[in-house]
Amino acid sequence: MRPDLTLQAQPDAGAVARAAADHIAARVRARGNLTVLVATGSTPMATYAELARRVQAGTLDLSRVTAVQLDEYQGLSDPDPRSLWEWMDRSFVAPLRITRTVRFDPRAAPQDTCRDYDAAVAAIGGIDLAILGLGLNGHLGFNEPPSPADAPTRTVTLTPASLESNRVYWDTDVPTQALTAGMEVILAARSTLLLVTGASKRAALGRLLTGPPSPDFPASLLSGEAVTVLADRAALEGQGPAPVSAVRA
Ligand code: GLP
């Protein structure tokens, strides 16, 4: 088990969502104008729904948060039902009543939107909190393996594994190219929540928790006290005993 990662074990995906929402709410209470890097994908949806429930109940105010897009397919017209921005808007920005956002501009040339994205993130002082999911091949955002720690914000060609795993989101073809926040943006986040749920993530989580850090499994480059891996029992099953100090149930 990697000693440099904090693993927080939870019984199920609902408990992961509540723990993640607690973590995010605590950070927002400490500093209202938080800048948050926002993953789409299936895993964080329950967390966003929990946050929305708290916002609607009036117990959480996210109005000063800036939400930063993590990744986007390339070459989509705007609007497109597969747009990850539209997914982020539906699941995070609108229900959480967030007014400040940074996104990839689908109308700009890829190198221009990447440059503008990095400039916008730098202008707001970088990422305070990254909310991430774990790709089956270890990708973070669309940083496909191999992606070194200094991989910049850029266009990537999606691997067959990612095309396959993204196929579950849409009734139609998955675009073959994407834009992603670089590993250098993600790894510079002042804190990170990596959400991992379900039996399908077991092998990927095992590699993250036990393997050596390597660009061949980009998520393994996450490291340090500010990184919390929140995983449920289904994903943790068979991972072997974690050091007691690393597991906060
Ligand atoms: C996708 C996205 C990531 C996401 C990851 C896990 O390909 N590019 O941003 O976090 O893979 O997705 P899921 O949560 O659906 O398993």
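Residues numbered from 1 in each chain as written. Predicted model: local features only at pLDDT ≥ 70, side-chain atom pairs only at ≥ 80, totals over all residues. Heavy atoms only, no water.

Visitor: I tried to follow the pairing of strand β3 (residues 66-69) on my own but got confused; where do I start?
Guide: Residues in a regular strand point their side chains to alternate faces of the sheet. Residues T66 and V68 of β3 are buried on one face, and the alternating residues A67 and Q69, pointing to the opposite face, are buried as well. Both strand β2 (residues 35-38) and β3 contribute to a ladder of 4 bridges, which runs parallel. Directly across from V36, in β3, lies its bridge partner A67. Sheet topology note: the β3/strand β5 (residues 100-102) ladder contains 3 bridges and is parallel. Looking at β5, one finds that A67 is bridged to T101. (Buried < 20%, exposed > 50% of the residue type's maximum accessible area, 1.4 Å probe, protein only. Helix = DSSP H or I, 4+ residues; strand = E, 2+ residues; numbered from the N terminus. Pairing = 2+ DSSP bridges.)

Visitor: In this structure, what is going on with the pairing of β2? I would like to understand it.
Guide: The side-chain alternation of β2 yields two buried faces, one formed by T35 and L37 and the other by V36 and V38. Between β2 and its parallel partner β3, the chain crosses via helix α2 (residues 45-56), and the hand of that crossover is right-handed. Looking at chain direction, β2 and strand β6 (residues 129-133) are connected through 3 bridges and run parallel. Directly across from L37, in β6, lies its bridge partner A130. (Right-handed = clockwise from strand over helix to strand, strands pointing away.)

Visitor: Help me understand the pattern of salt bridges in this model?
Guide: If charged atoms from side chains of opposite charge come close, those side chains can pair. A full pass over the atoms with the stated rule returns 13 salt bridges. Among the ionic pairs, R82 bridges to D80, the shortest N-O distance being 3.1 Å. By relative accessible area, which is 8% here, D80 ends up buried. Here the salt bridges do not stand alone but share partners, grouping D22, E50, R53 and R54 into one network. (Salt bridge = Lys/Arg side-chain N within 4 Å of Asp/Glu carboxyl O.)

Visitor: Teacher, can you tell me more about the site of the ligand here?
Guide: Not every one of the 14 residues close to the ligand is listed here, only the nearest: S42, T43, D71, Y169 and K201. Between the ligand and the protein, one listed contact pairs an oxygen atom with a backbone N or O atom of S42 at 2.7 Å. Here N166 contributes a side-chain N or O atom positioned 2.8 Å from an oxygen atom of the ligand. In isolation the ligand exposes 390 Å². Once the protein is present, 92% of that is buried. Of the pockets mapped on this structure, the ligand occupies the largest pocket. (Near = heavy atom within 4 Å. Polar contact = N/O pair within 3.5 Å; in protein donor to acceptor, adjacent residues only side chain to side chain. Areas by Shrake-Rupley, 256 points an atom, 1.4 Å probe, with all protein chains shown as cover. 1 Å grid on protein atoms, 1.4 Å probe; cavity = no way out; pocket = protein on both sides within 12 Å on 5 of 7 lines; lining within 4 Å. Sits in = over half its atoms within 2 Å of the grid points.)

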